[in-house]
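# Architecture and fold: a report
Spelled out, the chains give:
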Amino acid sequence: MSLIPSFFGSNRRINNNFFDPFSLDVWDNPFKDLQFPSSSSSSAIANARVDWKETEEAHVFKADLPGMKKEEVKVEIEDDSVLKISGERHVEKEEKQDTWHRVERSSGGFSRKFRLPENVKMDQVKASMENGVLTVTVPKVETKKKAQKA
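Residues numbered from 1 in each chain as written. Predicted model: local features only at pLDDT ≥ 70, side-chain atom pairs only at ≥ 80, totals over all residues. Heavy atoms only, no water.

Rules: UniProt positions are given in the numbering used here, feature names are shortened, and annotations may be inferred rather than shown by experiment.
Looking up the protein in an unreviewed UniProt entry gives the name HSP20-like chaperone, with the organism given as Arabidopsis thaliana x Arabidopsis arenosa. Regarding the protein, the relevant UniProt record gives this comment under Subcellular location (unreviewed entry): "Cytoplasm". Listed under Sequence similarities (unreviewed entry) in UniProt, the entry text for the protein is "Belongs to the small heat shock protein (HSP20) family."

Next comes the structure, spelled out in structure tokens:
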């Protein structure tokens, strides 16, 4: 396995498990590790982290969405070939008597898109959310195995 160096932070691994040629991301978020001063306004969740693996039966996406409820997350199919995961985390209600010393937890909206290959069943997508992890399963079309001739 080799790494592709990135000028914007993390390295991308090249093998079937880590480098996804169908991702619509242009590059890694160059600002993800920078600290910006917080204000009372909400800032967008820069990048929900998503793992994408392919099994013999399906494409499986797992997104870390800590503290979010399933009602705050949308899973959609666009143009019959793009999986879109989006949502919004709301900022905690501020009370007048509260004194905030630090606000680091992000709030706001996020959206991730993945172009799916042609071998999937778009009408059978399933999603579940447990302990802040969204799992989206996109079944693959069964392929007939060629009989081996002796």
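### What about the sheet that holds strand E3 (residues 50–54)?
Here is the rule we go by: Should DSSP find at least two bridges between two strands, the strands are taken to pair. Labels follow the DSSP assignment, with helices taken as runs of H or I lasting at least four residues and strands as runs of E lasting at least two, numbered in each case from the N terminus. Angular values range over 0 to 180 degrees, each being the angle between N-to-C directions of two axes fitted as lines to C-alpha atoms, with helices fitted over their stretch in contact.
Strand order in this open sheet of 4 strands is E3-E4-E9-E8, and the pairing throughout is antiparallel. Of all the strands in the sheet, just E3 and strand E8 (126–130) have a single pairing partner and so form its edges. Averaged over all pairs of adjacent strands, the angle between strand axes in this sheet comes to 15°, irrespective of strand direction.

### Re the pattern of salt bridges
For the record, the criterion: Any Lys or Arg side-chain nitrogen located within 4 Å of an Asp or Glu carboxyl oxygen qualifies as a salt bridge.
Going through the model one piece at a time under the given rule, you end up with 4 salt bridges. In this structure, the salt-bridge partner of lysine 140 is glutamate 54, at a minimum N-O distance of 2.7 Å. Remark: glutamate 54 occurs in strand E3 and lysine 140 occurs in the segment after strand E9 (133–139); sequence separation between them is 86 residues. Connected through shared salt-bridge partners, Glu78, Lys84 and Lys113 make up one network.

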